[in-house]
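Next come the chains, spelled out residue by residue.
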Protein chains: 2
Amino acid sequence: MSEKRPLILVCNDDGITAPGIRALIDVMNELGEVVVVAPDSPQSGMGHAITINSTLRCDPHKMDDGPQTEFACSGTPVDCVKLAVNVILPRKPDLLVSGINHGSNSSINVIYSGTMSAAMEGALESIPSIGFSLCDYAWDANFESAKPYIKSLAKQVLSNGMPQGVCLNVNIPKSENGEYKGMKVCRQARANWEEEFDARKDPRERSYYWLTGKFVNYDHGEDTDEWALENNYISIVPVTSDFTAHHAISTLNSWDIE
Amino acid sequence: MSEKRPLILVCNDDGITAPGIRALIDVMNELGEVVVVAPDSPQSGMGHAITINSTLRCDPHKMDDGPQTEFACSGTPVDCVKLAVNVILPRKPDLLVSGINHGSNSSINVIYSGTMSAAMEGALESIPSIGFSLCDYAWDANFESAKPYIKSLAKQVLSNGMPQGVCLNVNIPKSENGEYKGMKVCRQARANWEEEFDARKDPRERSYYWLTGKFVNYDHGEDTDEWALENNYISIVPVTSDFTAHHAISTLNSWDIE
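If you check an unreviewed UniProt entry, chain A appears there as 5'-nucleotidase SurE from Phaeocystidibacter luteus. UniProt, in its Sequence similarities (unreviewed entry) section for chain A, records the words "Belongs to the SurE nucleotidase family." Per its UniProt entry, chain A bears the Catalytic activity (unreviewed entry) comment "a ribonucleoside 5'-phosphate + H2O = a ribonucleoside + phosphate".

Right, dumping it as structure tokens:
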């Protein structure tokens, strides 16, 4: 790391013009050579979707005078990572960062998150990867206070690497005064969304629905990301790409399965 | 189960007209009262995507003379489950089955799979849930040989329930002679897709890409789903909705995180 500047891939799911990714690019420009490959339109809630039934566009993009190189892609966050690694970058990057997402990806939100799917795709490609999210959905949210923490953690990952198949899900609480208690390694809280569909009639009297819902945390553990965020810590959850419920294997083996 | 027939929700990602879901409906009609809520168009590769920026349609659908009730939904497989549970069904179903997918969802494919995201959404709603996939992409694939195994496993899940937050990822090998060695409880093999983008020029000389790739299994373990499938077993992997890499927490706590 001392002689050669690391190669850093930046992605997100809110789209390449989002203030959150611009803040992340600012920080990464201090740490290495930055290539941005991000969706040309918002891709929130896309989970780990990939584009298999249509073509992908990926074209150079210029937004500001920063030293980074940028590409806008027509696909999902996962498509962006695959295109970056296989088509755009000269070599495997030393770090992938995704975000800063406008809104929380803590707890079960990780499963729906395009920001985190980009980071998970990085982990599958054996790239040390971090997804960053700010628990503030506002487009003009304050990303400044988080910057020193993001820089510090990115440096840690650049020097330590990451365990095989693991990436980090980092959530940053909304801070009124711009101060945080620090960063905390956590597990994913057991929580869920309780949906409330808003049912309406269109002008032709046909029904349609809007998905809405409220987040419910069932998990009172003080080792969870939700606890950390409520207590003004930045939460860091290591996320695995092995979805096997290893603890359930012995239970299933006790069943009468032929 | 003896007096009252169980309520079974059927979903998929290939769309409500796919032969795979018709085969699954056939089997479930033997076990309980079946309600189908499935996408009105193919949703393969949608991962755990949800529809938050557009409206959802969900309308009654009739395709054959079976006793099941059916609804076609404009959204993703996860949207279908959320709509079914919150809008359509009179009570929480006793079982959710998703598939039968036309093509494998073994190993890392679980992360991209709309079929499995429906099952995982079921698990989040505390519904015993199973995703079924046949390792044959053909639209006219032979689903008959798998039916007795699907029925047997669904009965096991109806009587045993499932561990909290866990669902089953069931993959069925393509069998030449319609015979299987049986079913085997497995862990997810460590494998990945090596992408190869097919780069082309459109009639206006602008570049575009098709995502292609080949599946590479790095994992020689005989306890994996890939091993089971290669050896003509139906693989059953319990899948968790807790993505925390618990084994990595102590590693991260050894870092210099402030």
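Between G99 of chain A and the following residue, I100 of chain A, the backbone shows a cis peptide bond with an omega angle of -15°. Within the secondary structure, I100 of chain A sits in strand β5 (residues 95–102). Even without glycine at this site, S107 of chain B takes up a positive phi of about 50°. The residue S107 of chain B is located in the loop between β5 (95–102) and α3 (114–124) in this model.

Residue and element names in this part refer to chain A. In terms of burial, β5 is largely enclosed, as eight of its eight residues are buried. Sheet topology note: the strand β1 (residues 7–11)/β5 ladder contains four bridges and is parallel. Looking at the pairing, V10 lines up with V97 of β5. Judged from the five bridges that link them, β5 and strand β6 (residues 129–134) form a sheet pairing that is parallel. Bridge pairing in β6 places N101 opposite S133. As for the winding sense of the linkage, the β-α-β connection from β5 through helix α3 (residues 114–124) to β6 is right-handed.

When chain A is fitted onto chain B, the two copies agree to an RMSD of 0.0 Å after a turn of 180° and an axial shift of 0.0 Å. Between the two chains, the operation in question is that of a two-fold axis. Take the interface residues of chain A: 100% of them recur as interface residues in chain B, which is what a same-surface contact looks like.

Now for the packing of aromatic side chains. As enumerated under the stated definition, the model contains nine aromatic pairs over all chains in all. For the ring pair W227 of chain A and Y233 of chain A, a centre distance of 6.3 Å and an interplane angle of 20° mean the geometry is stacked. Accessibility expressed as a relative area gives 21% for Y233 of chain A, which makes it partly exposed. Between the aromatic rings of F243 of chain A and F243 of chain B, the centroid separation amounts to 4.3 Å while the plane-to-plane angle is 20°, which identifies the pairing as stacked. Taken together, the positions of F243 of chain A in the loop between β11 (233–240) and α6 (246–253) and F243 of chain B in the loop between β11 (233–240) and α6 (246–253) put the pair across two chains.

Rules used throughout
- The residue count restarts for each chain, going from 1 along the sequence in the order it is written.
- For this description, chains carry letters from A and ligands carry numbers from 1, given in the order in which they are written.
- Under the rules for a predicted model, residues below a pLDDT of 70 receive no local features and side-chain atom pairs below 80 are neither given nor counted, while totals for whole chains, interfaces and linings still include all residues.
- Excluded from the side-chain calculations are hydrogens and water; all other atoms, namely the structure's heavy atoms, are used.
- UniProt positions are given in the numbering used here, feature names are shortened, and annotations may be inferred rather than shown by experiment.
- Numbered from the N terminus, helices here are DSSP runs of H or I no shorter than four residues, and strands are runs of E no shorter than two.
- Think of it in three bands: with a 1.4 Å probe and only protein chains considered, a residue is buried below 20% of the maximum accessible area for its type, exposed above 50%, and partly exposed in between.
- At least two bridges found by DSSP between two strands are what make those strands a pair.
- We call a crossover right-handed when, viewed with both strands directed away from the observer, the connection leading from the first strand over the helix to the second proceeds clockwise.
- We place the copies in one frame by least squares, fitting the C-alpha atoms of every residue whose pLDDT is at least 70 in both.
- Contacts were defined at the residue level, with two residues in contact if any of their heavy atoms lie within 4.5 Å.
- Side-chain rings of Phe, Tyr and Trp, where Trp is taken by its six-membered ring, are said to pair if the distance between their centres is within 6.5 Å; with planes under 30 degrees apart they count as stacked, over 60 as edge-to-face, and otherwise as tilted.

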